[in-house]
Amino acid sequence: MSDFAGLWRPGGDAVARDMLTRMGNALDGRDIAQARIVAAGAVGLVHRQHHFTFEDLDEAMPLIGRSGAILVADCRLNDRADLAAALGVDPRDHADGALILLGFERWGIDVVERLRGCFALAIWDPAAQRLILARDHAGERTLFWHRGPTGIAFATRMRPILGLPEVPDALDEAALADILILDNGPATRTPYRAIERVPMAHVVIVDADGARSRRYWTPPVPDTLHLRSDAEYDEAAREVIDRSVADALRARGPVALAMTGGLDTVTVAESAVRQSAPRRLLGMTRVPGGTLPRDSANHYHDESGLVEQLADMMPGLDWHRVPEDGGDWGEHDERNFFLHGGLPCRAAHNIAWFYPLYRFMAERGSRVMLGGEMGNMFYSAEGTEFLPGMAMRGQWRTVAREIRALARVEGDGWLRTFLRHIVRPVEPLHWRRRRHGETGHPWSWHSALHPDAPASQRLAETLDTGRYRLRSGAGHRDPMVPRDLMMGDEVARDTSSTMRAMNGVDARKPLLDRRVVEFFGALPPNQFLRDGTTRRIARRLIVGRVPDAIALGTRRGRQNGDWFRLLTARRAQLIADVERLQAQGVAGRLVDLDRIHALLQDWPRDADAAELRRTEYLQLLTRGVSMARFLAWHARAN
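Residues numbered from 1 in each chain as written. Predicted model: local features only at pLDDT ≥ 70, side-chain atom pairs only at ≥ 80, totals over all residues. Heavy atoms only, no water.

**Q** What am I meant to see in empty space enclosed by the protein here?
**A** Empty space left among the atoms is revealed by rolling a probe the size of a water molecule over them. The full count for this structure, using the stated rule, is eight cavities of 30 Å³ or more. Size it by volume and the largest cavity reaches roughly 140 Å³. Lining the largest cavity are 16 residues, with Gly185, Pro186, Arg189, Arg197 and Val491 positioned closest to its centre. Looking at the lining of the largest cavity element by element, the count peaks at three residues for helix H7 (residues 173-181). The residue inventory of the lining of the largest cavity, partitioned by class, reads six nonpolar, four polar and six charged. (1 Å grid on protein atoms, 1.4 Å probe; cavity = no way out; pocket = protein on both sides within 12 Å on 5 of 7 lines; lining within 4 Å. Points joined across faces, edges and corners; volume = space filled by probe spheres on them. Helix = DSSP H or I, 4+ residues; strand = E, 2+ residues; numbered from the N terminus. Nonpolar A, V, L, I, M, F, W, Y, C, P; charged D, E, K, R; others polar.)

Now the structure itself:
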C-alpha cells in the first residue's frame, strides 16, 4: 500500500528532479516512508510506501522491468498464489508490485483483468511511448490525472497535481453541486476543471494519439448463477467469503476488526476469528456517549450490547468498547482533509467519529482494520428490491406469496405492504414528492445547494430523476440501478487515500472483494428473499455461529449515534463559521448559508427532537458547512 505520482513531458523536455521531490513531499502522511524517485528523461515517477504487509517490506517501487517498463502502484493483491502460478514464479519471492510488473511484461495491458484486490497503478511503457493508468474494480484506490500543453501529471491524491505551477486550480461548479446533492456525475469529472479521475474498473492509455479509456470489468447480472440447493449455495458462499477474508488478514502486525451488530461486519468477524485461531484478533466497537435518542422499531443507537453477546461466543476475539477519547489527529479541522486530499469532504463529521478507533489500534501496534462496508449491496441484499421487476415480468404468483409473507413479518396489512414494495419503487418521483408535501428541487430536503445557484438550474434540466429517486428515499424497479449508484459513487471513494494519509490505517472491505461481488451479485432473488425472510443467504451463513438477535434480527444500528450531542458542543463555532462565511461571500453563491444559519438558530431541544430532523441537521447542515469551508479554503489556498 502506498501513494505515488508522476510526470510525463511528451515534448521531450526532461522532468526536473526538484519537481518530483515536490510531488513526493505532497504525498506526506502518517507512517509513510520517504519518497523514492526515478527520473528517466521526459518521464519521472515518485513512490512512497506504507508497510502494512510483510511483502510491503520488500517493495521498492518505482520498479523497472526487463523491457524498461516502469511501474508505480498502490496495491494489495488477493489471490496472489493463483497469479504467481500463472506467471510461473513463487509468490513468496515477489512483492505485489513485482507480480503486477511481471504480469504486464507477460500479458500487456490485459494484466489488469487478472488482478484481484485493491490497486491503482501507473506504467510507463517506453517501447510504445505510452502511459497506462488503471484502478481496481470497485475503486478502493484513487487515481487522478491532468493533461495540459506541457505534459501529463498523475497521482493517487490531488495535492501533488495541484502543486504543479502549470496546473490550473479552477473549480467545476457542476461537480461541486453533484457532491452537495449526492448525485453521481460523470466518473471522470472531479471538482477541478483541469483534473480528471481514472474511473474504477477502467484502464486509461495516453500516447501520442491522445487518451482513450476502456472498461475491463462490469458488475454481475442477478439470477445468472444457479446451483441445485441452498446447501450448495451456502458451501460455495462460505468458500468465497473465507478466501476473501483470509486475503484481507494478510498483515505484518495485529489485525483489528471494526465491529457492529450488523450481518456484514459479523460475517467478516466470524470468518476472521475462525481462520486466525489460535492467534487472537482485536475487536473494537465505537460507542456513543451522553443521552441518546430513543431506539425505534427499525434502528438502535448503541451497538455494543449486541457485539458483547457476539464476543462472548468468540474466545479468539479480544473485544473492546471504544468511547470518545479526547484525542485529535486533525480530524476535527476540515482544513486537514482539504490539505491532504485537495478535495471537499462529504461526511467529515461522520469520519471524525471513527478516529478514536484508529488511535486505539495505534496504541496496540495495529494498522490494519477489517470491516463489513458495502456488504449490503451484494452479500446481504434485502431481496425486496427484486419484487417490482418480478411484478413487471408477470411473476404475480411469487409476488403475491412474498407480499403476504412480508405483511406477516413486518406486522402490516397486505395493501400497505404491496404499496411499499411494489408501487412506491415505480411511482413517479413528482408524485412521491407531492404526497410528502415536498417543494422545490428534488434535492431540497437533504441538500444545502443554493436554490438560485446556476448549478441548480442546470441540474433541474439535466438530472436523471429515475436514478436520483433513490436519493429521495424511494426504491427502483431495477435492482441493478441502486447497485450501480452505490458501486459507482466515486466521491465516496475519493476520501479513502485522504483518510489513510491522516490516520495511517489500511481499512479493508472483504465483502467488496471482486470474488464476493461476482458470486453474490449473480445469485437468484430467492437466495435473498423467500417466504418473507429477507437477506436469506447471509442469515443462513451465520445462524448458530452468532447470537440469534444478530442472525435473525431486522433492526439496524446507527453510526454516530451521539451526533446531536457532538454537534451541540460545536454549535457556537458553527454559527461563528457560517457568519464569517456569509460575510466573505465566497461560498454563498453555491451553498445556501442562510438556510444553514437558520437551522443553527432553530436548534432542537433534545436528541429525540433532533433525530426526527436527522437529515436536515446531520446531513444538510454538516455537508453544507463542509462545502462552504472548502470553497473558502480553496479561495485562500496557495
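And the narrative resumes.
**Q** When you look at the sheet that holds strand S2 (residues 36-40) in this model, what are you seeing that I'm missing?
**A** The strands that make up a sheet pair up through hydrogen bonds in the backbone, lying either parallel or antiparallel. Spatial strand order, S2-S3-S1-S9-S8-S10: six strands in an open sheet with antiparallel pairing. The sheet terminates laterally at S2 and strand S10 (196-197), the two strands that pair on one side only. Judged from the five bridges that link them, strand S8 (residues 144-148) and strand S9 (residues 151-155) form a sheet pairing that is antiparallel. Paired with His146 across the strands is Ala153, a residue of S9. Helix-sheet contacts for helix H1 (residues 17-25) involve strand S1 (2-8), S2, strand S3 (43-49) and S9, and the interaxial angle to S3 is about 30°. Helix H21 (residues 490-503) rests against S1, S8 and S10 of the sheet, and its axis sits at about 105° to S1. (Pairing = 2+ DSSP bridges. Contact = heavy atoms within 4.5 Å. Axes fitted to C-alpha atoms, helices over the stretch in contact; angles between N-to-C directions.)

**Q** It is not clear to me how the pattern of salt bridges should be interpreted in this structure. Could you clarify?
**A** It is possible for side chains of opposite charge to pair when their charged atoms get near one another. According to the stated counting rule, one finds 65 salt bridges in the structure shown. Note that Arg294 and Asp608 form a salt bridge whose closest N and O atoms lie 3.1 Å from each other. Here Asp608 lies in helix H28 (residues 607-611) and Arg294 lies in the loop between strand S14 (281-286) and strand S15 (299-300), a separation of 314 residues in the sequence. Of the residues examined, Asp608 reaches a relative accessible area of 23% and is grouped as partly exposed. Between Asp489 and Arg346 there is a salt bridge; the shortest N-O distance is 2.6 Å. Highlighted residues: Asp489 in the loop between helix H20 (480-487) and H21 and Arg346 in the loop between helix H11 (334-341) and helix H12 (348-353), separated in sequence by 143 residues. In this structure Asp489 comes out as buried when scored by relative accessible area, which is 4%. Through salt bridges with shared partners, one network takes in Asp3, Asp74, Arg76, Arg141, Arg157, Arg500, Asp506 and Arg508. (Salt bridge = Lys/Arg side-chain N within 4 Å of Asp/Glu carboxyl O. Buried < 20%, exposed > 50% of the residue type's maximum accessible area, 1.4 Å probe, protein only.)

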